[in-house]
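Descriptive analysis of the structure
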Amino acid sequence: MQTTVLVPSGVLGLGFSQAALDRGIAKGCDVIAIDGGSTDSGPHSLGTGRSKYSRAVSKAEWRALMQARARARVPLIIGTAGTSGTDTTVDWMYEITVELAEELGQNLRVARLYSGQEPDRVISKLAAGQIMPLSFAPEIDADTLQGMSNIVALAGAEQIQAALQTGADIIIAGRTTDTAIIAALPLARGAHPGACWHGAKIAECGALCSTHPGTGVIRVTFDQTGFEVEPMAPEAACTPHSVSAHMLYENSDPFRLYEPGGYLDVSAARYQALDGRRVRVEGSNWVSGPYTVKLEGARLVGYQTMLLAILREAHYVANAQAWADKLVSVLSARVADQIGLATGDFSIELRLIGVNAAMGALETRESQPAEVGALCLITAEAQEMADEIGRLANPFLLHMPLTEDEPLPTFAFPYSPAQTSRGAVYEFALNHVMRLDTPMEAFRLELSEVGTRADVA
Amino acid sequence: MPTLRDLVRKVAAKNAGPFQVTVDVFCGSAEAYAHVSTALSNRAVCDLFGLEPQLLTRFDIPDLHVIKFSMPRIVVQGSRFDRDMHGAQFGTLLEELVI
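Residues numbered from 1 in each chain as written. Chains lettered and ligands numbered in written order. Predicted model: local features only at pLDDT ≥ 70, side-chain atom pairs only at ≥ 80, totals over all residues. Heavy atoms only, no water.

Some details on the overall build of chain A
- Of regular secondary structure, chain A possesses 13 helices and 20 strands.
- Projected onto the principal axes, the alpha-carbon positions of chain A cover approximately 85 × 50 × 50 Å.
- Counting over 457 residues, chain A shows a buried share of 55%.
- Pairs at least 24 residues apart make up 78% of the contacts formed inside chain A by residues separated by at least 6 positions.
- Within the structure as shown, chain A displays about 18200 Å² of accessible surface, and the carbon and sulfur contribution to it stands at 51%.
- If you average the places of the 35 positive and of the 52 negative side-chain charges in chain A, the two averages end up 8 Å apart. (Helix = DSSP H or I, 4+ residues; strand = E, 2+ residues; numbered from the N terminus. Buried < 20%, exposed > 50% of the residue type's maximum accessible area, 1.4 Å probe, protein only. Contact = heavy atoms within 4.5 Å. Areas by Shrake-Rupley, 256 points an atom, 1.4 Å probe, with all protein chains shown as cover. Lys, Arg positive; Asp, Glu negative; His and termini not counted. Charge placed at Lys NZ, Arg CZ, Asp CG, Glu CD.)

What follows is the structure, given as structure tokens:
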């Protein structure tokens, strides 16, 4: 038996070709699966439980997918809904879905899969020795876990299968592995496990595994021995190289991919061109192991205020680092003296744009730019305190001379007010796995009927 | 002296989760791969990224003409002192390495 999965793009909000989506629906599929997030843009979405994507864009794309789903009469799955897959971003996506069901006159069964973890569950798992650190994991204990803003567990195929078994038309899943939403149905229908996970990894970023990444839509067909992948935009092609190279992407080991309950090993995979734009892959292996799910957590670090000054005078451009070092030291002393904060209660950082703002100490190039941007980042325990330090820093950032016996400089402030409150700042605070006795133990499913029964889709 | 950029098709870096970064050197041909896989030493990569040698993982993949380096992020992605959320500039730094 074959199982076909249509992947509209790498993430909802990134865009896809409607013509390619239509072509995929016309060719047929058993499920439509799309990712809704990632950790790529940093810890803020996880920390706050809010989506980083535009609601209007997400709704417009979800509308197109809900219409495609109604035509194909197959389930539609979104994983890691709302960027971070917290319970609140699942609810955000659910709200959009309910609105669209009304607007489109669709009657739907919607399953929500929640991945959020109560700190107490994780703390008791830690005490029971069922939390294991992955490479380079931060230290954790009961207090750090209790203090996290949000903790999510990455669902695998089993939790998505549980949602599919409810007969849901639409599944809105919280944090999942990127691959699980694609692998779940073919695995449930008995396709080759190695092929299911490998094909899912290849398709998880949509057309990124093809020659035309921007076209979005990819169709993958799984069977008992392998999988076949084909881009739905006519101008795009999958080649053995474009497909095999995708295992490198965002993956620290190009031959292994860890998932709940085991890992994928592609070291024996064979890639065969079926024609100019379709590739068949066989020989990938799934190796079963203990049932663990990865955890992600974010903790609040403090609140930030930023200022930006531009140095244009050649003397200051040439001596920007010495000036910045002096400024940080002068400001730190003033904050201690005049605001009365201890050294550990705030930080002031100056990053020199045009010198080494992106690389810091690793920068290898030296040049003489026309100007240097001095980005001042102030972090403190409360926004008002960070803002207060910003007000203290303002005149120094504008006028501080390099030495006492030179005229007072005036640098360029590009806008008024010179300082911007950045709000709460978070950090990723978990890189661990949690052992589960049963896959649904740490996850929760809710089922709803939405839309108006009177109108048929 | 040529830089790595002069010898290969492209160098791409990306986070592999918040705690690691991975840098892929796409050589583009068997000849370039043969040359670069010998000439590009782990020592030079560790010096460039400020890494202890045991923290660097290297994969030489002849089928793809790719050399892949994976390493911990010395500054965790998105933490207060991170300067490059997506980690792509690690690739730029490696591209400029003189071989």
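Now that the structure has been shown, we can carry on.
Remarks on helix α5 (residues 119–127) of chain A
All names here are of chain A.
- Three or more residues of α5 are buried, namely Pro119, Val122, Ile123 and Lys125. In a view along the axis of α5, the buried residues occupy a sector of 160 degrees, so they form one face of it. In α5, the exposed positions angled more than 90 degrees off the buried face are occupied by Asp120 and Ala127.
- Looking at the buried positions of α5, the neighbouring elements they touch are β5 (131–133), α6 (142–146), β6 (150–153), β15 (292–311) and β19 (432–435).
- Gly129 occupies a position one or two residues after α5 and carries a positive phi of about 75 degrees. (Arc of directions from axis to C-beta.)

Re the packing of helix α12 (residues 320–339) of chain A against helix α13 (residues 383–399) of chain A
All names here are of chain A.
- As a packed pair, α12 and α13 sit with axes 10 Å apart at the nearest point and diverge in direction by 130 degrees. Relative to α13, the element α12 is oriented oblique. Judged by the sense of rotation from one axis to the other, the crossing of α12 with α13 is right-handed. Residue-level inspection shows Trp323, Leu327, Val330, Leu331, Arg334, Val335, Gln338 and Ile339 of α12 in contact with α13, the latter providing Met385, Glu388, Ile389, Leu392, Ala393, Phe396 and Leu397.
- For the contact of α12 with α13, the per-class residue count stands at 12 nonpolar, 1 polar and 2 charged. (Axes fitted to C-alpha atoms, helices over the stretch in contact; angles between N-to-C directions. Parallel < 35°, antiparallel > 145°, perpendicular 65-115°, else oblique. Left-handed = near helix turned anticlockwise from the far one by under 90°. Nonpolar A, V, L, I, M, F, W, Y, C, P; charged D, E, K, R; others polar.)

Some words on the interface of chain B and chain A
- Chain B puts 37 residues into the contact, and the matching count from chain A is 37 residues.
- The junction of chain B with chain A conceals about 3200 Å² of combined surface from both sides, 63% of it contributed by carbon and sulfur atoms.
- Counting the surface chain B buries against chain A, the share from its top three residues, B:Phe19, B:Arg80 and B:Arg83, is 26%.
- On the surface where chain B and chain A come into contact, there are 4 salt bridges.
- Note that B:Glu96 and A:Arg365 form a salt bridge whose closest N and O atoms lie 3.6 Å from each other.
- Linking chain B with chain A are 14 residue pairs in polar contact (both at pLDDT 80 or more), by the criterion used here.
- When grouped by side-chain class, the residues that make up the side of chain B that touches chain A number 17 nonpolar, 11 polar and 9 charged. (Buried area = accessible area lost by both parts, 1.4 Å probe. Salt bridge = Lys/Arg side-chain N within 4 Å of Asp/Glu carboxyl O. Polar contact = N/O pair within 3.5 Å; in protein donor to acceptor, adjacent residues only side chain to side chain.)

A look at the pairing of strand β3 (residues 57–61) of chain B
All names here are of chain B.
- Where β3 meets strand β4 (residues 66–72), 5 bridges bridge the pair, whose relative direction is antiparallel. Opposite Thr57, over in β4, you have Ser70 as the bridge partner.
- If you look at the hairpin formed by β3 and β4, you'll find 4 residues sitting between the two strands, and His65 has a positive phi there, around 55 degrees. (Pairing = 2+ DSSP bridges.)

Points about the pattern of salt bridges
- Per the stated rule, a full pass over the model turns up 39 salt bridges over all chains.
- For the salt bridge of A:Glu282 with A:Arg280, the shortest nitrogen-to-oxygen distance reads 2.8 Å.
- The residue B:Arg73 makes a salt bridge to B:Asp82 at a minimum N-O spacing of 3.0 Å. Neither B:Arg73 nor B:Asp82 differs from the other in exposure class; each is buried.

A short note on the environment of B:Phe59
All names here are of chain B.
- Mapped onto the elements of the fold, Phe59 is located in strand β3.
- Its relative accessible area of 15% is what places Phe59 among the buried residues.
- Between the C-alpha atom of Phe59 and that of Leu94, which follows or precedes it by 35 residues, the distance is 16 Å.

Observations regarding the environment of B:Arg43
Residue and element names in this part refer to chain B.
- Within the secondary structure, Arg43 is located in helix α3 (residues 42–49).
- Under the relative-accessibility criterion, Arg43 is labelled exposed at 60%.
- C-alpha of Arg43 to C-alpha of Val76: the two residues are 33 residues apart in sequence and 23 Å apart in space.

Section: the nonpolar core
Residues and elements named next belong to chain A.
- One finds Ile182 and Val229 to be the most contacted residues of the largest nonpolar core, which totals 61 residues.
- Excluding residues that lie within four positions of it along the chain, Ile182 makes contacts with Val5, Val7, Ala33, Ala200, Ala203, Glu204 and Phe222.
- Of all hydrophobic cores here, the second largest spans 35 residues; its members include Trp92, Tyr114, Ile170 and Ile172. (Core = buried A, V, L, I, M, F, W, Y, C linked by side-chain atoms within 4.5 Å.)

Just distances and angles here, no functional claims.
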